[in-house]
2 protein chains.
Amino acid sequence: MANGTPERILLAHGGGGQLTNQLIRSHILPHLGNEALAPLGDSACLELGSASICFTTDSYVVKPLFFRGGDIGKLAVCGTINDLAVAGSRPLALTLSLIVEEGLEVHTLDRILESIGQTARQAGVSVVAGDTKTVERGSADGIFINTAGIGIRLPGVELGLDKFAVGDKVFINGTIGDHGLTIISQREGIRFESQLESDCAPLAGLTCMLLENVQGIRFMRDATRGGLAAVLNEMVEGSRLGIEIREADLPIKPVVQGAADVLGFDVLNVANEGKFVAVVAPEAAEKCLELCHAHELGRSARVIGEVVESRDLPLVELRTKIGGRRIVQMPYGRELPRIC
Amino acid sequence: MANGTPERILLAHGGGGQLTNQLIRSHILPHLGNEALAPLGDSACLELGSASICFTTDSYVVKPLFFRGGDIGKLAVCGTINDLAVAGSRPLALTLSLIVEEGLEVHTLDRILESIGQTARQAGVSVVAGDTKTVERGSADGIFINTAGIGIRLPGVELGLDKFAVGDKVFINGTIGDHGLTIISQREGIRFESQLESDCAPLAGLTCMLLENVQGIRFMRDATRGGLAAVLNEMVEGSRLGIEIREADLPIKPVVQGAADVLGFDVLNVANEGKFVAVVAPEAAEKCLELCHAHELGRSARVIGEVVESRDLPLVELRTKIGGRRIVQMPYGRELPRIC
């Protein structure tokens, strides 16, 4: 152990929690640090002449390749679109890079490519460049996909953790935990598997609509790896203010809560692929909710908490249903490998 | 077999030759086709307000991770920079996405990240966004890296296969085969290994200097997977004209030729990572060579052939040293797996 980092990479280094954070801060940023990378946002923002763009990337290693509600192809398109969307941009173009294991059925590849094409068309983005690599049998697991994306920043939209104020409302566009618990249940062959479905969806239609119609949206982030707990912790860390959420207001499907209880997961730590958290001015919350409720991907949107003064440290606190309080920690990261 | 495609993915599907082409045309384009993707260039070109940009991606799966003259990190930066450079742009920003196998030594990751940072700084590009995924032991091979990149198109530069004219000169900025034969020799533990070194280098400094100082550059492409043979075949296929090259003028280091002879490779089919082929107007060739020769990455630049009328089919022909002619075919793609 040096600087608290183990000597070998653990699965938890990719879990989106504490260890991922540590890896980025201790090993990646020192070599690559620059102004655009420093905010560690969902996308980098770049000014190119008169255009202001967002630029982002994600690799997808989800297992299994096909799951209820989606597949690795749909996920690879939605995930990158969502990173552009929550940065306040309208997604425009994606690149697509495939690493394929020798022996993958061409038919399987076709199904994935079809899903990529369909999801991209529905979301109004084009796949404009690509790459295909193959590796020997046993050197990868079926297929890994990378997408990078460019979005055009919406004019007049300024989002940032520095814009939070005490009293701001925290809302989410729907139920949490659906994606992660679908994947893990399918992998483990749990009996209620058939009642679970990933929420994998492209959020840009909804986020652009909100940003174009509501003043007072301060910040948005999609709640993927590490779940709601990770994104709220990243937000308080960046804003230096606290967040208090109410357990009673968290939208969780009973079947998801049931699966989490059986499998021993805290739903707060479980990945979503069609959910974003937004912090909005108090006077903007009502309109945001109204617009969300009229949109297919926001029907179960809810205000789940508020921005509060931070005491000693900026913390996320949960008010439990029975009136207690507990600190919501940044997950360690080992809960769910290969969830996206 | 359906449409001549095998039912399972072969290593050769990633070789950059005939099978890669077939996979792209029969399976990828039908699902994703659009105007920006259709030219299948090294980068897509997009107009964003007043900015004209290039956008590209590549994943890197090279084995071994470290080789004479570079490593997977340096390669991941150079390869994507070079795709932007030959499209006539000045590379600006990269994204970096890592897929890391559980158990990789953190020290190894650090060496790779250091190399990425160093190469990017030297080339004047920033890594602005990133992603890290982990997969279980045995589900990847150490580390795979994806970089995507954005470049700003140089004003007034118009490159295209449709700009070729009979009599145009074909030149290359230096010796061929160095990268591929370094990798394969190191993998096989061949005795002359120590005399070989990859040519892995960022070409944007040289290409931008040429494009800014010489009128009459019609087209450029880097000669990576599939080597000089693949790139020349792609060029004649796109231009509908022929290309004739002279064996006597091909710059090949004796040790590279020796290694190719021993290992049974045609140097024409072997990957380079610091070489580009350019087609230039006859009156521009002299100035291009002069500028190349004054640049570190162009000292061995040579005119190697000309654009010629195509007879029945657009073909690449080689005039051999002893005065014969042979057709240079698109390689099949199985020569060298995991070369980049």
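What counts, and where the lines are drawn
- Residues numbered from 1 in each chain as written.
- Chains lettered and ligands numbered in written order.
- Predicted model: local features only at pLDDT ≥ 70, side-chain atom pairs only at ≥ 80, totals over all residues.
- Heavy atoms only, no water.
- Least-squares fit on C-alpha atoms with pLDDT ≥ 70 in both.
- Contact = heavy atoms within 4.5 Å.
- Domains from an automatic or database assignment.
- Buried area = accessible area lost by both parts, 1.4 Å probe.
- Salt bridge = Lys/Arg side-chain N within 4 Å of Asp/Glu carboxyl O.
- Polar contact = N/O pair within 3.5 Å; in protein donor to acceptor, adjacent residues only side chain to side chain.
- Helix = DSSP H or I, 4+ residues; strand = E, 2+ residues; numbered from the N terminus.
- Patch = residues over 30% accessible without salt bridge, like charges linked within 9 Å, V, L, I, M, F, W, Y side chains within 5 Å.
- Areas by Shrake-Rupley, 256 points an atom, 1.4 Å probe, with all protein chains shown as cover.
- Buried < 20%, exposed > 50% of the residue type's maximum accessible area, 1.4 Å probe, protein only.
- Pairing = 2+ DSSP bridges.
- Axes fitted to C-alpha atoms, helices over the stretch in contact; angles between N-to-C directions.
- Core = buried A, V, L, I, M, F, W, Y, C linked by side-chain atoms within 4.5 Å.

### What to know about the relation of the copies chain A and chain B
Alright, step 1. Aligned on chain B, chain A shows an RMSD of 0.0 Å; the corresponding rotation is 180 degrees and the shift along the axis is 0.0 Å. The transformation just described matches what one would write down for a two-fold rotation axis. Residues of chain A ranked by C-alpha distance from the rotation axis are headed by Ala140(A), positioned 2.1 Å from it.
Alright, step 2. Interface overlap between copies: 100% of the residues of chain A at the interface are likewise at the interface in chain B, consistent with a symmetric, same-surface contact.

### Regarding the domain arrangement of chain A
All names here are of chain A.
Alright, step 1. Domain boundaries assigned for chain A yield domain 1 (42-153) and domain 2 (161-327).
Alright, step 2. Inter-centroid distance (C-alpha atoms) of domain 1 to domain 2 is 24 Å.
Alright, step 3. In total, domain 1 and domain 2 occlude about 1,900 Å² of area from one another, counting both sides; carbon and sulfur atoms represent 58% of this.
Alright, step 4. Three residues stand out in domain 1 for area buried against domain 2, namely Arg68, Asn82 and Val86, and they jointly supply 32% of the buried area on that side.
Alright, step 5. On inspection of domain 1 and its partner domain 2, the count reaches one salt bridge.
Alright, step 6. For arginine 90, the salt bridge is made with glutamate 212, and the minimal N-O distance between the two is 2.8 Å.
Alright, step 7. Joining domain 1 to domain 2, the criterion identifies ten residue pairs in polar contact (both at pLDDT 80 or more).
Alright, step 8. Of all the secondary structure elements, the ones that give two or more residues to the side of domain 1 that touches domain 2 are β3 (66-67), α2 (72-86) and β5 (89-101).
Alright, step 9. A per-element tally of the side of domain 1 that touches domain 2 places α2 first, with nine residues.

### As for a nonpolar patch on the surface
Alright, step 1. Together, Leu313(A), Leu315(A) and Ile327(A) line one region of the surface with nonpolar side chains, adding up to about 260 Å² of accessible area.
Alright, step 2. Here Ile327(A) is to be found in strand β14 (residues 325-327).

### Some details on the pairing of strand β1 (residues 44-48) of chain B
Alright, step 1. Residues Ala44(B), Leu46(B) and Leu48(B) point to one face of β1(B) and are all buried, whereas Cys45(B) and Glu47(B), pointing to the other face, are not buried.
Alright, step 2. In this antiparallel pair of consecutive strands, β1(B) and strand β2 (residues 51-60) of chain B, the connection spans two residues, and Gly49(B) shows a positive phi of 60 degrees.

### Remarks on unusual backbone geometry
Alright, step 1. In this structure, Pro64(A) follows Lys63(A) across a cis peptide bond, with omega equal to 5 degrees.
Alright, step 2. Position of Pro64(A) among the secondary structure elements: in the loop between β2 (51-60) and β3.
Alright, step 3. One non-glycine residue, Arg338(A), lies in positive phi territory at about 55 degrees.
Alright, step 4. Among the structural elements, Arg338(A) can be located in the segment after β14.
Alright, step 5. One non-glycine residue, Arg240(B), adopts positive backbone phi at about 65 degrees.
Alright, step 6. Looking at the element boundaries, Arg240(B) is found in the loop between α6 (227-239) and β10 (242-246).
Alright, step 7. Looking at Arg240(B), the relative accessible area reads 54%, which means it is exposed.

### A short note on the sheet that holds strand β12 (residues 302-308) of chain A
Residues and elements named next belong to chain A.
Alright, step 1. Strand order in the open sheet made by the seven strands is β9-β11-β8-β12-β10-β13-β14, with mixed pairing throughout. What marks the edges here is a single partner per strand, and that holds for β9 (217-222) and β14. Averaged over all neighbouring strand pairs, the angle between strand axes comes to 25 degrees, with direction disregarded.
Alright, step 2. With four bridges connecting them, strand β8 (residues 169-172) and strand β11 (residues 276-280) associate as antiparallel partners. From the neighbouring strand, valine 170 faces β11, where its bridge partner is valine 279.
Alright, step 3. Taken strand by strand, helix α5 (residues 204-213) contacts β8, β9 and β11, and its axis lies near 175 degrees from that of β9.

### Observations regarding the environment of Ser185(A)
Residue and element names in this part refer to chain A.
Alright, step 1. By secondary structure assignment, the location of serine 185 is in helix α4 (residues 178-188).
Alright, step 2. Relative accessible area serves as the criterion here: at 0%, serine 185 is assigned to the buried category.
Alright, step 3. Along the primary structure serine 185 and leucine 196 are separated by eleven residues, whereas in three dimensions their C-alpha atoms are 8.2 Å apart.

### Observations concerning the nonpolar core
One recurring pattern in soluble globular proteins is that nonpolar side chains are buried together.
Alright, step 1. Membership of the largest hydrophobic core comes to 76 residues, with the highest contact counts inside it found for Ile143(B), Leu228(B) and Met235(B).
Alright, step 2. For this core, the element with the most residues is helix α2 (residues 72-86) of chain B, which contributes seven residues.
Alright, step 3. When residues of this core are assigned to domains, at least three fall in each of domain 1 (42-153) and domain 2 (161-327) of chain B.
Alright, step 4. The residues contacting Met235(B), other than those within four sequence positions of it, are Leu161(B), Phe164(B), Phe219(B), Ile243(B), Val277(B) and Val279(B).
Alright, step 5. Membership of the second largest hydrophobic core comes to 75 residues, among which are Leu75(A), Leu94(A), Leu241(A) and Val267(A).

### Describing the sheet that holds β5(A)
All names here are of chain A.
Alright, step 1. Taken in spatial order, the five strands line up as β1-β2-β7-β5-β6 in an open sheet, and their pairing is mixed. Strands with a single pairing partner mark the edges of an open sheet, and in this sheet they are β1 (44-48) and β6 (126-135). Averaged over all pairs of adjacent strands, the angle between strand axes in this sheet comes to 20 degrees, irrespective of strand direction.
Alright, step 2. Bridge count between β5 and β6: nine bridges; the pairing is parallel. Of the residues in β6, the one forming a bridge with serine 97 is aspartate 131.
Alright, step 3. Relative to the sheet, α2 contacts β2, β5 and β7 (143-153), its axis offset from that of β2 by approximately 145 degrees.

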